[in-house]
Amino acid sequence: ENTPSAPAQPKVRSRGLDVPKLWAEEKSKRKASAAFVVIGHVDHGKSTLMGRLLLDAGAVSQRDVDRYQKQATELGKSSFALAWVMDTGTEERERGVTVDIAQHHFSTDSVAFTILDAPGHRDFVPNMIGGASMADLAVLVVDANQLESGMKGQTREHVLLAKAVGLKRIVVAVNKLDSTAPNAWSQDMFQEVKGNVVKFLGESGFAKEDVMVVPCSGLSGENVAKAPEASGPAAWVAETDLTLLKALEQSVPSEVSGDALKRPLRMQVADVFRGGITNPLSVSGRMTAGNAQAADAVLVQPSGETAAVRGVEVNGEPRDYAVAGQICTLHLTDIDPIHIRSGDVVCSAAQPVSVVTSFLAKIEALDSLLPQSVDVHLGRLHVAGNISQLVATVDTKGETLKKKPRMVKAGQTALLKVTVEDDVPVEDGETVVLRAQGGTVGFGTIERTSA
Ligand code: GDP
């Protein structure tokens, strides 16, 4: 292949930081951080709500929103001004590229948040799986006026996928309460929708204590970051004393344990940024193990090519190092960009992640499964593959029920040998989602990479 070689880079000098030690000292002083994905049916107000959150949390200026408002009004779409905050995200503006999983950052006094937004336009499901697998929690947006359809279609699918990638906590925003009929801020409608959602999430496997439900309006702004007036139709909302932002703060997971920092580096690449002026090649993603600092040597799988880290960003800001649990950007050098794609894993060169074409997975079947072709989703990565062998059905403890069944029925859990058409970097314990004919047919974890 006739590809230009990587341009010469300035050599990066190591500062030799003892990251686990520094982090142990720093983490108590630093804000907690958390990332969430926004899920829910199209038009239920996800983008508007997030635009509102960014505005009221001070991450976007009123001046910017006024400018969008003017442009939107000229186009006869004035109600879309807040949603545009999300469409023209900071990443996209700054780097001049479209990204698959946009990151928006905002902070409260106690928490630094990252919104992971998979834009709906193209390849939505793979991007959503990718975004959700980087997240700590999900925000489910439900239009209060859509009592029936709220639990169907995309809502159902997104909730299922959130569960499939292992998300445990959900904050539900019962949205558009400013427009309930016949009267706005109908408490009855809120209660009815809340009842439906909680039941549905329970059936989908979310524990009651991990679900919070908040009434709000993204468009008019009540109860997103600011509580509504204590008088007027939304007074009952003020009494709950739980804005969406407070609910998010209360849902922040505990910090990743110090041990995770000392394990070999693992970071799946969510997006690759090429052609930046100061940083010609950068990758973003969630670090799931280990840590990184400038001058670290890393390996990219499946290409097996090495690279050097020239800089690190966390929550959109330059930092001396990044640690497991953080959403970060690594600026890389000493590698030809053709060797790195989204879905790849950046890992320790000394202890790299394995690359395989088949593995054994413990899968909960959502549909009947036969030896058949499936799309295999491993976080951000998705490849064509096959269920090549039904090894056994198992009980909740993992004990074998039946060896070599002829089929696995919906609701059963089974050990399956999965074969993929490309080399994939994977590890034991990683989540797998299997899809076929546009639907999710099973999900679970990798039991053994050497199948
Ligand atoms: P998304 O597809 O879920 O991201 O939804 P959008 O944020 O694009 O909103 C879809 C439509 O619903 C737009 O016309 C919005 O102006 C409108 N909308 C969004 N949030 C609210 C709300 O809180 N109240 C009302 N009345 N309309 C809203």
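Residues numbered from 1 in each chain as written. Predicted model: local features only at pLDDT ≥ 70, side-chain atom pairs only at ≥ 80, totals over all residues. Heavy atoms only, no water.

## As for the overall build of the protein
And then number 1: Across its full length, the protein holds 11 helices and 22 strands.
And then number 2: Here the protein has a C-alpha radius of gyration of 23 Å; the compact-globule value for 451 residues is 22 Å, and the two agree.
And then number 3: Across its three principal directions, the C-alpha atoms of the protein cover 65 × 60 × 45 Å.
And then number 4: Residues counted as buried form 50% of the 451 residues belonging to the protein.
And then number 5: Within the protein, contacts between residues separated by at least 24 positions form 71% of all contacts whose residues are at least 6 apart in sequence.
And then number 6: Accessible surface, the protein: about 20,600 Å² in total, of which carbon and sulfur atoms supply 47%.
And then number 7: Taking the average place of the 47 positive charges on the side chains of the protein and the average place of its 55 negative ones, the gap between the two points comes to 4 Å. (Helix = DSSP H or I, 4+ residues; strand = E, 2+ residues; numbered from the N terminus. Rg over C-alpha atoms; globule rule 2.2 N^0.38 Å. Buried < 20%, exposed > 50% of the residue type's maximum accessible area, 1.4 Å probe, protein only. Contact = heavy atoms within 4.5 Å. Areas by Shrake-Rupley, 256 points an atom, 1.4 Å probe, with all protein chains shown as cover. Lys, Arg positive; Asp, Glu negative; His and termini not counted. Charge placed at Lys NZ, Arg CZ, Asp CG, Glu CD.)

## Here's the deal with the state of the cysteines
And then number 1: Within the structure shown, the criterion is met by 0 disulfides.
And then number 2: Free cysteine Cys-328: the closest other cysteine sulfur is in Cys-347, separated by 14 Å.
And then number 3: By relative accessible area, Cys-328 is classed as buried at 1%. (Disulfide = S-S within 2.5 Å.)

## Describing the packing of aromatic side chains
And then number 1: Summed over the entire model, instances satisfying the criterion amount to 4 aromatic pairs.
And then number 2: Relative to Phe-113, the ring of Phe-36 has its centre 6.1 Å away and its plane inclined at 70°; by these criteria the two rings are edge-to-face. Taken together, the residues span a long stretch of sequence, with Phe-36 in strand 1 (residues 32-39) and Phe-113 in strand 3 (residues 111-117) at a distance of 77 residues.
And then number 3: A ring pair is formed by Phe-106 and Phe-113, whose centres lie 5.1 Å apart and whose planes are at 20°; its orientation type is stacked. (Phe/Tyr/Trp six-rings, centres within 6.5 Å; stacked < 30°, edge-to-face > 60°.)

## Regarding the site of the ligand
And then number 1: With respect to spatial proximity, 17 residues lie near the ligand, and among them Asp-43, Lys-46, Ser-47, Thr-48 and Asp-178 are the closest.
And then number 2: One of the side-chain N or O atoms of Thr-48 is found 2.6 Å from an oxygen atom in the ligand.
And then number 3: One nitrogen or oxygen atom from the main chain of Gly-218 is found 3.1 Å from an oxygen atom belonging to the ligand.
And then number 4: For the ligand, the protein covers 85% of the area, taking 580 Å² as the surface of the free molecule.
And then number 5: Element by element, the count of residues in the shell around the ligand is highest for helix 2 (residues 46-56), at 3 residues.
And then number 6: A class-by-class count of the residues in the shell around the ligand yields 3 nonpolar, 10 polar and 4 charged. (Near = heavy atom within 4 Å. Polar contact = N/O pair within 3.5 Å; in protein donor to acceptor, adjacent residues only side chain to side chain. Nonpolar A, V, L, I, M, F, W, Y, C, P; charged D, E, K, R; others polar.)

## Examining the pairing of strand 21 (residues 431-436)
And then number 1: The element strand 21 is largely enclosed, with a buried count of 5 among its 6 residues.
And then number 2: Pairing analysis gives 3 bridges linking strand 17 (residues 373-378) to strand 21, with the strands arranged antiparallel. When the bridges of strand 21 are listed, Val-376 appears paired with Leu-434.
And then number 3: In this structure, strand 21 lies alongside strand 22 (residues 439-448), joined through 6 bridges in antiparallel fashion. Counted as the bridge partner of Val-433 is Phe-443 from strand 22.
And then number 4: Turn length for the strand 21-strand 22 hairpin, with the two strands adjacent in sequence and antiparallel, is 2 residues, and the turn residue Gln-437 shows positive phi of about 50°. (Pairing = 2+ DSSP bridges.)

## So, the nonpolar core
And then number 1: Counting 42 residues, the largest nonpolar core has Leu-140, Val-172 and Leu-201 as the members making the most contacts within it.
And then number 2: In terms of residue count, helix 8 (residues 187-203) provides more of this core than any other element does, 5 residues in total.
And then number 3: Ignoring anything within four residues of it in the chain, the contact list for Leu-140 reads Ile-39, Gly-40, Thr-155, Val-159, Ile-170, Val-171, Val-172, Ala-173, Val-197 and Leu-201.
And then number 4: Formed by 35 residues, the second largest nonpolar core is a distinct cluster that contains Tyr-68, Ala-81, Trp-84 and Ile-115. (Core = buried A, V, L, I, M, F, W, Y, C linked by side-chain atoms within 4.5 Å.)

## What to know about the confidence of the model for the protein
And then number 1: Mean pLDDT for the protein: 90, with 93% of residues reaching 70 or above.
And then number 2: Scored below 50 in pLDDT, residues 90-96 makes 17 contacts in the model with residues more than four places away or belonging to other chains.
And then number 3: Both confidence scores are given for the complex: pTM 0.91, ipTM 0.99. (pLDDT = per-residue confidence, 0-100.)

## Here we look at the side chain of Thr-393
And then number 1: If you trace the backbone, Thr-393 turns up in strand 18 (residues 381-394).
And then number 2: Among residues more than four places away in sequence, those in contact with Thr-393 are Glu-399, Thr-400, Leu-401, Lys-402, Pro-405, Val-408, Gln-412, Thr-413 and Ala-414.

## Comments concerning the pairing of strand 4 (residues 137-143)
And then number 1: The buried fraction of strand 4 is high, at 7 of 7 residues.
And then number 2: When strand 1 meets strand 4, the two strands line up parallel, connected through 4 bridges. When the sheet's bridge partners are listed, Val-37 is paired in strand 4 with Ala-138.

## Overview of the sheet that holds strand 4
And then number 1: In space, the 6 strands of this open sheet follow the order 2-3-1-4-5-6, with mixed pairing throughout. One side of each edge strand has no neighbouring strand; the edge strands of this open sheet are strand 2 (102-107) and strand 6 (211-215). Across this sheet, the average inter-strand angle for adjacent strands is 25°, counted without regard to direction.
And then number 2: As defined by bridge partners, strand 1 adjoins strand 3 across 6 bridges and the pair is classed as parallel. Bridged to Val-37 within strand 3 is Leu-116.
And then number 3: Running at roughly 160° to strand 6, helix 8 makes contact with strand 4, strand 5 (169-175) and strand 6 of the sheet. (Axes fitted to C-alpha atoms, helices over the stretch in contact; angles between N-to-C directions.)

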